[in-house]
Amino acid sequence: MTDADDLTPYETLIVERRGHVGWIIFNRPDAGNAMNAQMFAELERAWLELDADPEVRVIVNTGNGDSFQTGVDVKQMARDRDALRKFSRQTRDAALRFTAWHLNVLKPVIAAVNGTCAGGGLHFVADADIVIAASDATFLDPHVSIGQVVAYEGITLARKSPMEPILRMALVGRSERITAARAYQLGIISQVVDPPERLRDEAQALAELVARNSPAAMAATKAALWGALEMGLTDACRAGAQHLVGMWGHPDQEEGPRAFAERREPVWAPLERRS
């Protein structure tokens with residue numbers, strides 16, 4: 001990959017910029033990249049920092065070590081009562097704040113799944129715009145095997161995949177692992193990368209293709225398509241029309257055709273975050 005620019009220091013994450021591509025890398029490999037209280041806080045800060053960075057047009061999320069992400073670090077959270085109460089309250093109130101979708105990130109997000117993605121780690125798969133995975137990646141949800149409920153992750157994944165395999169993964173629990181090849185068949189991911197060592201290079205290359213497009217048009221497209229999941233067909237189309245019309249008169253709508261006619265790369269206007 002290209003050389004990276006390190007951004008604000010983090011303890012449980014590596015956050016950097018490679019050209020127009022921002023990276024959030026889980027960095028607790030000895031703990032399967034499980035989320036402790038520090039990581040929860042840092043994830044919120046990292047997503048918002050990259051979303052606000054005018055140089056970043058796409059964000060890639062991956063993990064160091066043998067796991068992509070394995071959910072909540074239950075042992076650490078049990079020792080931190082204040083953090084556990086805060087997380088429990090956010091879970092109860094549907095006010096979680098650790099994925100791009102939770103935080104209304106406008107920029108395209110690519111999850112690059114390496115190794116094991118388990119339990120709460122599936123949030124980052126369910127909430128990404130594009131998901132690719134190494135050929136040796138596996139997906140599982142062990143919640144019911146330890147007496148817990150599958151909810152947020154499974155609900156969103158069932159909007160991207162047929163319901164039955166998501167229910168099977170949820171109800172069989174830790175005894176059911178979905179391979180990368182099977183996840184591709186189910187539409188959970190859109191690309192299997194082989195060999196696995198190519199995952200980050202492939203993610204960077206894909207992100208660079210996405211980053212060539214109008215940031216404003218991509219943000220409006222993302223809002224329209226994700227918003228459609230919240231509505232019926234007619235209401236979703238009406239809402240989508242508003243996002244479409246909202247781009248009328250935007251300078252990118254003139255720059256795109258002009259750049260095409262002149263056979264050059266377009267110079268897009270910076271993305272202005274909408275409230």
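Criteria and thresholds
- For every chain, the first residue of the written sequence is number 1, and numbering continues from 1 along that sequence.
- Local features in this predicted model are restricted to residues whose pLDDT is 70 or higher, and side-chain atom pairs enter the listing and the counts only when it is 80 or higher, whereas totals over whole chains, interfaces and linings include all residues.
- Only hydrogens and water are removed before side-chain values are computed, so all heavy atoms of the structure are retained for them.
- Definition used for salt bridges: Asp or Glu carboxyl oxygen within 4 Å of a side-chain nitrogen of Lys or Arg.
- For the exposure calls, accessible area comes from a 1.4 Å probe over protein chains only, and a residue counts as buried if that area is under 20% of its type's maximum, exposed if over 50%, partly exposed in between.
- With a 1 Å grid laid over protein atoms only, a set of points is called a cavity when a 1.4 Å probe fits there but cannot get out and a pocket when it is open yet has protein on both sides within 12 Å along at least five of seven lines; lining residues have an atom within 4 Å of a point.
- Grid points are joined across faces, edges and corners, and a volume is the space filled by probe spheres set on the points.
- Each aromatic pair joins two rings of Phe, Tyr and Trp (for Trp, the six-membered one) with centres within 6.5 Å, and gets the label stacked for planes under 30 degrees apart, edge-to-face for over 60, and tilted for any other angle.
- Numbering of helices and strands starts at the N terminus; helices are DSSP runs of H or I of at least 4 residues and strands are runs of E of at least 2.
- Strand pairing is assigned whenever DSSP detects at least two bridges linking the two strands.
- To count toward a patch, a residue needs a relative accessible area above 30% and no salt bridge. Like charges then connect within 9 Å, nonpolar side chains (Val, Leu, Ile, Met, Phe, Trp, Tyr) within 5 Å.
- Surface accessibility in these figures is a Shrake-Rupley result with a 1.4 Å probe; residues are shielded only by whichever protein chains are displayed.
- Any two residues having at least one pair of non-hydrogen atoms within 4.5 Å are treated as being in contact.
- Classification remark: right-handed applies to a crossover when, strands pointing away from the viewer, the course from the first strand over the helix to the second runs clockwise.

Engineer: What's the story with the pattern of salt bridges in this structure? I'm lost.
Structural biologist: A side chain of one charge can pair with a side chain of the opposite charge when the charged atoms of the two come close. Counted under the stated rule, the structure contains 10 salt bridges. Here Arg 168 ties to Glu 176 by a salt bridge, and the two come within 2.9 Å at their closest N and O atoms. Judged by its relative accessible area of 45%, Arg 168 is partly exposed. For Arg 198, the salt bridge is made with Asp 201, and the minimal N-O distance between the two is 3.2 Å.

Engineer: Where do I start with empty space enclosed by the protein in this structure?
Structural biologist: Using a probe with the size of a water molecule, rolled over the atoms, empty space left in the structure can be pinpointed. Overall, the coordinates contain 1 cavity of 30 Å³ or more when judged by the stated rule. Looking at the largest cavity, its volume works out to about 30 Å³. Trp 47, Asn 61, Thr 99, Ala 100, Val 109, Ala 111, Phe 124, Asp 127 and Ala 128 are the residues that line the largest cavity.

Engineer: Hey, could you run me through the packing of aromatic side chains in this one?
Structural biologist: Each aromatic ring pair is specified by the distance between its two centres and by the angle formed by the two planes. Enumeration over the complete set of coordinates arrives at 5 aromatic pairs. On the basis of an interplanar angle of 65° and a centroid distance of 5.2 Å, the ring pair of Phe 40 and Phe 98 is categorised as edge-to-face. Here Phe 98 lies in the loop between α3 (81–92) and β6 (109–113) and Phe 40 lies in helix α1 (residues 37–52), a separation of 58 residues in the sequence. Judged by relative accessible area, Phe 40 falls into the buried class, the value being 12%.

Engineer: Help me understand the pairing of strand β8 (residues 130–134) in this model?
Structural biologist: One face of the sheet, then the other: side chains in a regular strand alternate in exactly this way. With respect to burial, β8 is a largely interior element, 4 of its 5 residues being buried. Sheet analysis places β6 next to β8, joined by 4 bridges and oriented parallel. Residue Val 113 lies in a different strand from β8, and its bridge partner there is Ala 133. Judged from the 3 bridges that link them, β8 and strand β11 (residues 191–193) form a sheet pairing that is parallel. Paired with Ala 133 across the strands is Val 192, a residue of β11.

Engineer: Can you help me understand unusual backbone geometry in this one?
Structural biologist: In most cases, non-glycine residues show a negative phi, while peptide bonds are predominantly trans. Residue Pro 195 is reached from Asp 194 by a cis peptide bond, and omega for that bond is 5°. The topology assignment puts Pro 195 in the loop between β11 and α8 (199–211). If you check the backbone angles, Asn 104 has positive phi at about 55° while not being a glycine.

Engineer: So what exactly am I meant to see when it comes to the sheet that holds strand β10 (residues 178–179) here?
Structural biologist: For sheets, the rule is that strands pair by backbone hydrogen bonds, running either parallel or antiparallel. With mixed pairing, the 4 strands of this open sheet are ordered in space as β5-β7-β9-β10. Of all the strands in the sheet, the pair left with one neighbour each is β5 (67–69) and β10. With 3 bridges joining them, strand β7 (residues 116–118) and strand β9 (residues 138–140) adopt parallel strand pairing. Its bridge partner lying in β9, Thr 116 is registered against Thr 138.

Engineer: Please explain a nonpolar patch on the surface as it appears in this structure.
Structural biologist: There is a patch of nonpolar side chains on the surface, built from Met 163, Leu 167 and Leu 171 and spanning about 320 Å² of accessible area. On the secondary structure map, Leu 171 appears in helix α6 (residues 163–172). By relative accessible area, Leu 171 is classed as exposed at 63%.

Engineer: Explanation requested: the environment of Leu 96 in the structure shown.
Structural biologist: Mapped onto the fold, Leu 96 is located in the loop between α3 and β6. Sequence-distant contacts of Leu 96, that is, excluding residues within four places in its chain, are made with Phe 87, Gln 90, Thr 91, His 102, His 123 and Tyr 152.

Engineer: What's the story with the pairing of strand β4 (residues 58–63) in this structure? I'm lost.
Structural biologist: For β4, a buried count of 6 out of 6 residues is recorded, marking the element as mostly surrounded by other parts of the structure. Side chains Val 58, Val 60 and Thr 62 of β4 all project onto a buried face; the interleaved residues Ile 59, Asn 61 and Gly 63 project onto the opposite face, where all are buried too. Sheet analysis places strand β3 (residues 21–26) next to β4, joined by 6 bridges and oriented parallel. Each residue of the ladder has a partner; that of Ile 24, found in β4, is Asn 61. Chirality of the crossover, the property in question, places the unit of β3, α1 and β4 among those that are right-handed.

Distances and angles like these do not, on their own, reveal function.
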